[in-house]
Amino acid sequence: MGLIKQGLKLMGTHAIVSLIQFIFIPPLLSIFENQIYQWLVGLVCIAMFWLIVYADMSKVGLDDAKKDAFAQYKGFIAGLLASIPSIILYLLAIAMEPLGNVNWFEIALRLWLIPYTKIFTTFDKMMPHIAIIPIALFPLLSGISYIDGLRKRKQILKAIEDFEATRAERSKVNISFQK
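A few words now on the pattern of salt bridges. Tallied over the entire structure, the rule returns seven salt bridges. Here Lys-74 makes a salt bridge to Asp-64, at a shortest N to O gap of 3.8 Å. Here Asp-64 lies in helix H2 (residues 35-66) and Lys-74 lies in helix H3 (residues 74-82), a separation of ten residues in the sequence. Each member of the pair Lys-74 and Asp-64 is classed as buried. Two residues, Asp-162 and Lys-158, come together in a salt bridge whose shortest N-O distance is 2.9 Å.

As structure tokens, this is what we get:
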């Protein structure tokens, strides 16, 4: 899969996860006022998001390794391409003056990065500047996940090699008849 296509696919995955979490996070966070519960929900949302990105990019890395099209930089570039909306919203949130008392670009940034809602609400005074952390982590996560696809491919090839090496041993059948 081409880099641009993979970046767009990853951006679509990000959008879908953000939409799903937009629907489910507010009710989950409002059930209890307990901060421990809210942090637990927030961390689970981040973990689910990262797990989805990991699974997606790791599979792409595995597929590229199968096709001998693997290049370590591909996952990082795809993640960077998928981060373009986040980067644009971040820059606009910093550069644009609020309309009335509302910075609509900051709201859009929060919606796009909704898996990190608990972090953003806890460090509200640092918004939008704190958003640069998850924006920078996304290409790293996707790149490392892509590279893990190569590790998985090597494990599969090793298992096949081990299986083939013991094939002759397993094919010997010990048949003994007892009277």
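Additional details are given in the paragraphs that follow.
Moving on, we come to the nonpolar core. For soluble globular proteins, the rule of thumb is that nonpolar side chains tend to be buried together. Residues Val-53, Leu-109, Leu-113, Phe-120 and Ala-131 are the most contacted members of the largest nonpolar core, which totals 23 residues. Where this core is concerned, the elements lending two or more residues are helix H1 (3-30), H2, H3, helix H4 (84-95), helix H5 (104-112) and helix H7 (132-165). Of all the elements, H2 adds the most residues to this core, at five residues. In this structure Ala-131 touches Tyr-90, Leu-109, Leu-113 and Phe-120, once residues within four positions along its chain are discounted. Grouped together as the second largest cluster of nonpolar side chains are six residues, Ile-25, Leu-29, Tyr-37 and Ile-114 included.

Definitions and cut-offs
- Residues numbered from 1 in each chain as written.
- Predicted model: local features only at pLDDT ≥ 70, side-chain atom pairs only at ≥ 80, totals over all residues.
- Heavy atoms only, no water.
- Salt bridge = Lys/Arg side-chain N within 4 Å of Asp/Glu carboxyl O.
- Helix = DSSP H or I, 4+ residues; strand = E, 2+ residues; numbered from the N terminus.
- Buried < 20%, exposed > 50% of the residue type's maximum accessible area, 1.4 Å probe, protein only.
- Core = buried A, V, L, I, M, F, W, Y, C linked by side-chain atoms within 4.5 Å.
- Contact = heavy atoms within 4.5 Å.

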